[in-house]
Amino acid sequence: MVTCPMVKSAGKYARCGGVSLVECLVASALALSLLTGIVMVAAELIATTQVMERRSDQVTRAGQLFTFLERMVATAGLPSQWPQPAGASLQLGATSADPCTPPSVRDVSTTWGGIWIVDLAALDCVDPNDSSQALYIERVETCGDVCPQQALLPAVCTKQQEALPSHSGWVVGEWGGGVADRECLEQFGWGSLSQILIYHRRRVATRDRSSDLVMRQAFPGKGDQWSTPEALIQGVVTWELGYAQLADVQALAEGARPAVVTVTVGAASGTTAALEELIQLRRTLIAPSLKRALLARNKAGS
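I will try to describe carefully the structure that is included in this document. None of the values given here were measured: they were computed from a predicted structure. (Residues numbered from 1 in each chain as written. Predicted model: local features only at pLDDT ≥ 70, side-chain atom pairs only at ≥ 80, totals over all residues. Heavy atoms only, no water.)

## What about the state of the cysteines?
To keep it simple, the criterion reads: Criterion for a disulfide: a pair of cysteine sulfur atoms within 2.5 Å. Note on conventions: DSSP H or I runs of at least 4 residues are helices, E runs of at least 2 residues are strands, and numbering of each starts at the N terminus. Residue burial is assigned from relative accessible area. The probe radius is 1.4 Å, only protein chains are included, and a residue is buried under 20% of its type maximum, exposed over 50%, and partly exposed in between.
Scanning all chains against the criterion turns up two disulfides. There is a disulfide in this structure between C157 and C184, and the S-S distance comes to 1.9 Å. Here the disulfide of C157 and C184 is left-handed, its torsion about the S-S bond being about -90 degrees. Of this pair, C157 sits in the loop between strand 5 (150-154) and strand 6 (170-174) while C184 sits in helix 3 (residues 182-188); the two residues are 27 residues apart in sequence, bridging distant segments of the chain. Taking the relative accessible area as the measure of exposure, C157 reaches 12% and is therefore buried. Relative accessible area serves as the criterion here: at 12%, C184 is assigned to the buried category.

Below you can see the structure in the form of structure tokens.
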């Protein structure tokens, strides 16, 4: 018949390089499925990598925060090399502190510096929009060749008398930069006193403000004036403060009590993050005077 060669010809075209059309379609479907699986695995790997990068960023920012706090607390008290007045008992930090009271109005004292937890809502020298708890740190740093005009000076070196009275403590006063009193200052110790407030400012979408942990510093010699808030780290969701009670340690002055800082960190951009994306870290900050007392007690007991 005439049609036979055409059927044979059509049969030849119904095959694809030795493979039937159905087999080609099945192979294509399998290849597409395999490609889809590869794309899904790649997408999961990218998502996992992004999560790990965000988590690493969160841990890094929290670690930087605690490193900064440890550095601030390391000078939250009188330097150990400064001699205490004769007969003075070991005092671990001041009993109380008011960030709105200039140090220059305080009396002579043997306890300067410390860590306190304060309520910003009770302070009239801070922005009323900030109402959270704050970590208030007073730092004492030894002066080298020069010191700020308003410095922490030995009271014995501020008396204009021929016969110097006995060493009774330190007081914030004006240092004129003279050389005549340098020997006295170096004998008893002199330094700068700085005040720092660290607290949490919550995110305010209407004001385009992210959720940050901020720091403010008091202007030396300007009463209760404080600097504008400076962001320490972004993406802080919660900031909790409290005091730790150490076992076998007698009641401490408030300025020497160990402060417990708990911080929850989210996305750096300040956007809302899911609960599973948050990390929470806690650290106990111990004032140097208490560290020295604990070390001395352990040494005596060993």
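The structure having been displayed, the exposition proceeds.
## Digging into the pattern of salt bridges
Note the threshold: Any carboxyl oxygen of Asp or Glu within 4 Å of a side-chain nitrogen of Lys or Arg constitutes a salt bridge here.
Tallied over the entire structure, the rule returns three salt bridges. With its nearest N and O atoms 3.8 Å apart, the salt bridge here joins E70 to R283. With E70 in helix 2 (residues 21-73) and R283 in strand 12 (residues 279-285), this residue pair connects regions lying 213 residues apart in the sequence. Looking at E70, the relative accessible area reads 27%, which means it is partly exposed. We classify R283 as partly exposed; its relative accessible area is 32%. Between R106 and E138 there is a salt bridge, and its shortest N-O distance comes to 2.4 Å.

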